[in-house]
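Observations on chain architecture
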Amino acid sequence: MRHIISILMENEAGALSRVAGLFSARGYNIESLSVAPTEDPSLSRLTLVTRGSEPIIEQITKQLNKLIDVVKLLDLTEGPHVERELMLIKVKAASGSQREEVKRLVDIFRGHIIDVTDKSYTIELTGDVCKLDAFIATLKGDDILETVRSGITGIARGDKALHI
């Protein structure tokens, strides 16, 4: 099962390396990873996505909590949460009909064309993984020039919050 683990950790050199090293040393895979400072510059929030059975996820969270840099940890998958991913995708848009079709798809998926050249569009799209995958599936494979995805980031719904 897929799990989104959100970690509040010290914002210092080597902290991210220690988290990644924990996964590497135990043979666990990180599907996506996103990290940035919080409103408190001494803390960073790291969101990672991994897969595993309940016992494996429990072991991962226990091991992460033992790391000195980890202040607090929350498995977002255990409760209601919001998750989003950002995708930038560059697609061919050379002919008039092709340009109109891409614009129509961007509107349907509530994206934004953020760069235009005479032969391509660069599109910004945010949403859950299924939405981004569906957008890619609607395009012809050879029309896609480049794809960049941020990885999942998320936050718990309601009063539940990851803070000290």
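Below is a summary of the structure that appears in this document. Since this is a predicted model, take the numbers as computed values, not measurements. (Residues numbered from 1 in each chain as written. Predicted model: local features only at pLDDT ≥ 70, side-chain atom pairs only at ≥ 80, totals over all residues. Heavy atoms only, no water.)

**Section: the overall build of the chain**
The number of helices and strands found in the chain is four helices and nine strands. Principal-axis analysis of the C-alpha atoms gives the chain an extent of 60 × 35 × 30 Å. The buried share of the chain, reckoned over its 164 residues, is 38%. Pairs at least 24 residues apart make up 72% of the contacts formed inside the chain by residues separated by at least 6 positions. Of the roughly 9,300 Å² of accessible surface on the chain, a fraction of 53% belongs to carbon and sulfur atoms. (Helix = DSSP H or I, 4+ residues; strand = E, 2+ residues; numbered from the N terminus. Buried < 20%, exposed > 50% of the residue type's maximum accessible area, 1.4 Å probe, protein only. Contact = heavy atoms within 4.5 Å. Areas by Shrake-Rupley, 256 points an atom, 1.4 Å probe, with all protein chains shown as cover.)

**Notes on the pairing of strand β5 (residues 81–92)**
As judged from the four bridges shared by β5 and strand β9 (residues 153–156), these two strands associate in the antiparallel manner. Bridge pairing links R84 to T153 in β9. Sheet analysis places β5 next to strand β7 (residues 120–127), joined by eight bridges and oriented antiparallel. The residue bridging M87 from the neighbouring strand is L125, located in β7. Direction of pairing for β5 relative to strand β8 (residues 144–149): antiparallel, over a ladder of five bridges. Residue pairing for β8: L88 is matched across the bridge by V148. (Pairing = 2+ DSSP bridges.)

**So, the nonpolar core**
Judged by nonpolar contacts, the single largest core of 16 residues is most densely connected at I5, I7, V19, F23, L48, I60 and L64. Looking at this core, the elements that each hand over two or more residues are β1 (2–10), α1 (15–26), β3 (43–51), α2 (54–66) and β4 (70–75). Setting aside residues up to four positions removed in sequence, V19 forms contacts with I7, M9, L46, L48, L64 and L67. (Core = buried A, V, L, I, M, F, W, Y, C linked by side-chain atoms within 4.5 Å.)

**A word on a nonpolar patch on the surface**
Residues L86, L88, I114 and V148 make up a contiguous nonpolar surface patch of roughly 290 Å² in combined accessible area. Looking at where I114 falls in the secondary structure, it is placed in strand β6 (residues 112–116). Classification of I114 as partly exposed rests on a relative accessible area of 45%. (Patch = residues over 30% accessible without salt bridge, like charges linked within 9 Å, V, L, I, M, F, W, Y side chains within 5 Å. Salt bridge = Lys/Arg side-chain N within 4 Å of Asp/Glu carboxyl O.)

**Structural notes on the side chain of T50**
In this fold, T50 is placed in strand β3. Given a relative accessible area of 0%, T50 falls into the buried group. In terms of polar contacts, T50 uses its side chain to reach the backbone carbonyl oxygen of N29, at 2.7 Å. Filtering out sequence-adjacent residues up to four positions away, T50 remains in contact with M1, R2, H3, I5, F23, N29, I57 and I60. (Polar contact = N/O pair within 3.5 Å; in protein donor to acceptor, adjacent residues only side chain to side chain.)

**A look at α1**
The terminal C-alpha atoms of α1 lie 17 Å apart, and with 12 residues this matches the ideal 16 Å at 1.5 Å per residue to within 8%. All of the buried residues along α1 are A15, V19, L22 and F23. Taken around the axis of α1, the buried residues stretch over an arc of 90°, which confines them to a single face. The exposed residues of α1 that point more than 90 degrees off its buried face are S17, S24 and A25. Looking at the buried residues of α1, the elements they touch are β1, β3 and α2. (Expected span 1.5 Å × (residues − 1). Arc of directions from axis to C-beta.)

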